[in-house]
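Notes for the structure review
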Amino acid sequence: MLPRRRIRRIRKTKPRTLLPALALAVAATAATPTAALATDTAAQEQAVSSGWNDYSCKPSAQHPRPVVLVHGTLGNSVDNWLGFAPYLVQRGYCVFSLDYGQLPAVPFFHGLGAVDESAKQLSAYVDRVLAATGAAKVDMVGHSQGGMMPRYYLKFLGGAPKVNALVGIAPTNHGTTLSGLTKLLDYFPGAGDLIAEGAPGLMDQVVDSDFLRRLNEGGDTIPGVRYTVIATKYDEVATPYQAQFLSGPNVRNVLIQDLCPTDISEHLAIGLTDGLAFHEAVNALDPDHATPTTCASDD
């Protein structure tokens, strides 16, 4: 048994570890970097064989724009899209996904770097996809951070002329309280700076961060781009869920429970496995052929 004094010390410091544990501990306790990279490479090859990230794909007349998928925090270009990428491929889309926000010595778990730097990676990737496909514009679908980060690209990096539509699934558009966990930072001076130094992409997404104030100043949207937000009221990560919604022209905000009250998807499920969210995302990509999203749309 631990001495009583030692137990008190552990209890006192535990709250400080909650936020870093949400991301950095997961990455740090992953398998060896070599093994993770090998798994990542195998997954990339599987993705190509499944029909996405195929740079020989040429958009059809029915779906003239390639779709770029943008993963969330701690995600990667394959795992985040094992459900949705094949769903799009089966419907005739050219589908591409990138890795961004990598940290040195942290393989596989991405989206931890500064969000503005991640947006630069997205910019280069969009140019690569446009060059390969010959398309004039792309559509984007992003999950969590991946639904918010492209807005920086649109607003500050000249991306708007290259993007037709941005669909955010559970995006952190106005930041997150992490179900109240971010309030713990007020009790531990310097904790936020420590997290920002190790994984700036986390602190960039906290409600009222400097990054988010700059991103949302002057309005949420850019003319010429169509925006769709798909949220769930059971989201425990991007909280409150209402902060995901955007204001402005050409915006459609969707609460999945308004379409199907019995849908209980939370933050991960709505992006990884939820057929209703997938159906609504495809409606946003091809509004001229949209069909109602109901509880029966889960296919």
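Refer to the structure above for everything that follows.
What counts, and where the lines are drawn
Residues numbered from 1 in each chain as written. Predicted model: local features only at pLDDT ≥ 70, side-chain atom pairs only at ≥ 80, totals over all residues. Heavy atoms only, no water. Helix = DSSP H or I, 4+ residues; strand = E, 2+ residues; numbered from the N terminus. Buried < 20%, exposed > 50% of the residue type's maximum accessible area, 1.4 Å probe, protein only. Contact = heavy atoms within 4.5 Å. Axes fitted to C-alpha atoms, helices over the stretch in contact; angles between N-to-C directions. Parallel < 35°, antiparallel > 145°, perpendicular 65-115°, else oblique. Nonpolar A, V, L, I, M, F, W, Y, C, P; charged D, E, K, R; others polar. Salt bridge = Lys/Arg side-chain N within 4 Å of Asp/Glu carboxyl O. Pairing = 2+ DSSP bridges. Disulfide = S-S within 2.5 Å. Core = buried A, V, L, I, M, F, W, Y, C linked by side-chain atoms within 4.5 Å. Phe/Tyr/Trp six-rings, centres within 6.5 Å; stacked < 30°, edge-to-face > 60°. Lys NZ or Arg CZ within 6 Å of the ring centre and 35° of its normal.

1. Details of the overall build of the protein chain
When helices and strands are tallied, the protein chain shows 11 helices and 6 strands. Here the protein chain holds 299 residues, and 51% of them are scored as buried. Pairs at least 24 apart in sequence give 76% of the contacts found in the protein chain among residues at least 6 apart.

2. Things to note about the packing of helix α4 (residues 115-133) against helix α5 (residues 145-156)
Closest axis-to-axis distance for the α4/α5 pair is 8 Å, and the angle between their directions is 80 degrees. For the element pair α4 / α5, the angle class is roughly perpendicular. On α5, the residues touching Val115, Asp116, Ser118, Ala119, Leu122, Ser123 and Val126 of α4 are Gln145, Met148, Met149, Pro150, Tyr152 and Tyr153. By residue class, the composition of the contact of α4 with α5 is 9 nonpolar, 3 polar and 1 charged.

3. Considering the pattern of salt bridges
As enumerated under the stated definition, the model contains 8 salt bridges in all. Among the salt bridges present, the one from Arg213 reaches Asp208, with a minimum N-O distance of 3.3 Å. Residue class for Asp208 comes out exposed when judged on its relative accessible area of 52%. Two residues, Asp210 and Arg213, come together in a salt bridge whose shortest N-O distance is 2.0 Å. With Asp210 and Arg213 both in helix α8 (residues 210-216), this residue pair falls 3 residues apart, about one helical turn. Note on Asp210: relative accessible area 58%, which makes it exposed. Accessibility expressed as a relative area gives 40% for Arg213, which makes it partly exposed. Residues participating in the shared-partner salt-bridge network are Asp208, Asp210 and Arg213.

4. Focus: the sheet that holds strand β1 (residues 67-70)
By definition, the strands of a sheet pair up through backbone hydrogen bonds, in either a parallel or an antiparallel sense. The strand order β2-β1-β3-β4-β5-β6 describes an open sheet built from 6 strands, whose pairing is parallel. Lying at the two open borders of the sheet, with one neighbouring strand each, are β2 (95-98) and β6 (251-255). Strand after strand, the sheet turns through a mean of 15 degrees between neighbouring axes, direction not considered. Sheet topology note: the strand β5 (residues 226-231)/β6 ladder contains 5 bridges and is parallel. Across the sheet, Ile230 pairs through a bridge with Val254, a residue of β6. Relative to β2, α4 is tilted by about 155 degrees, and along the sheet it contacts β1, β2 and β3 (138-143). Sitting on the sheet, helix α11 (residues 275-285) is in contact with β1, β3, β4 (163-169), β5 and β6, with an inclination near 170 degrees to β5.

5. Let's talk about the environment of Val282
Tracing the backbone shows Val282 in helix α11. Residue classification places Val282 among the buried residues on the basis of a relative accessible area of 15%. Through-space distance from the C-alpha of Val282 to that of Arg91 is 9.2 Å; in sequence the pair is 191 residues apart. Ignoring sequence-local partners within four residues, the contact set of Val282 consists of Phe84, Tyr87, Leu88, Arg91 and Tyr93.

6. Some details on the state of the cysteines
Across all of its chains, the model carries 2 disulfides by this definition. The disulfide bridge from Cys57 ends at Cys94, spanning 2.0 Å between sulfur atoms. The S-S bond linking Cys57 to Cys94 shows a torsion near -80 degrees; that makes this disulfide left-handed. You can see Cys57 sitting in the loop between α2 (33-49) and β1 and its partner Cys94 sitting in the loop between α3 (84-89) and β2, a full 37 residues away along the chain. With relative accessibility at 2%, the residue Cys94 sits in the buried group. What connects to what in the protein chain, once the bonded cysteines are numbered by sequence position, is 1-2, 3-4.

7. Points about the nonpolar core
Generally speaking, nonpolar side chains in soluble globular proteins are found buried as a group. Residues Val68, Leu122, Val138, Met140, Tyr153 and Leu154 are the most contacted members of the largest nonpolar core, which totals 36 residues. Those elements giving two or more residues to this core turn out to be β1, β2, α4, β3, α5, β4, α8 and β5. In terms of residue count, α4 provides more of this core than any other element does, 7 residues in total. Ignoring anything within four residues of it in the chain, the contact list for Tyr153 reads Ala119, Leu122, Ser123, Val126, Met140, Gly158, Gly159, Lys162 and Val163. One finds Leu69, Val141, Ile230 and Ala277 within the second-largest nonpolar core, a separate group that totals 26 residues.

8. Side note on the packing of aromatic side chains
All chains considered together, the criterion is met by 9 aromatic pairs. Taking the centre distance of 6.0 Å and the plane angle of 25 degrees together, the rings of Phe84 and Tyr87 count as stacked. Taken together, the residues Phe84 and Tyr87, both in helix α3 and 3 residues apart, mark about one turn of the helix. For the pair shown, Phe84 and Tyr87 are each scored as buried. Among the aromatic side chains, those forming a connected cluster through ring pairs are Trp81, Phe84, Tyr87 and Phe278. Directly above the aromatic system of Tyr55 lies the positively charged group of Arg128, at a separation of 4.2 Å from the ring centroid.

In short, geometric facts, not functional conclusions.
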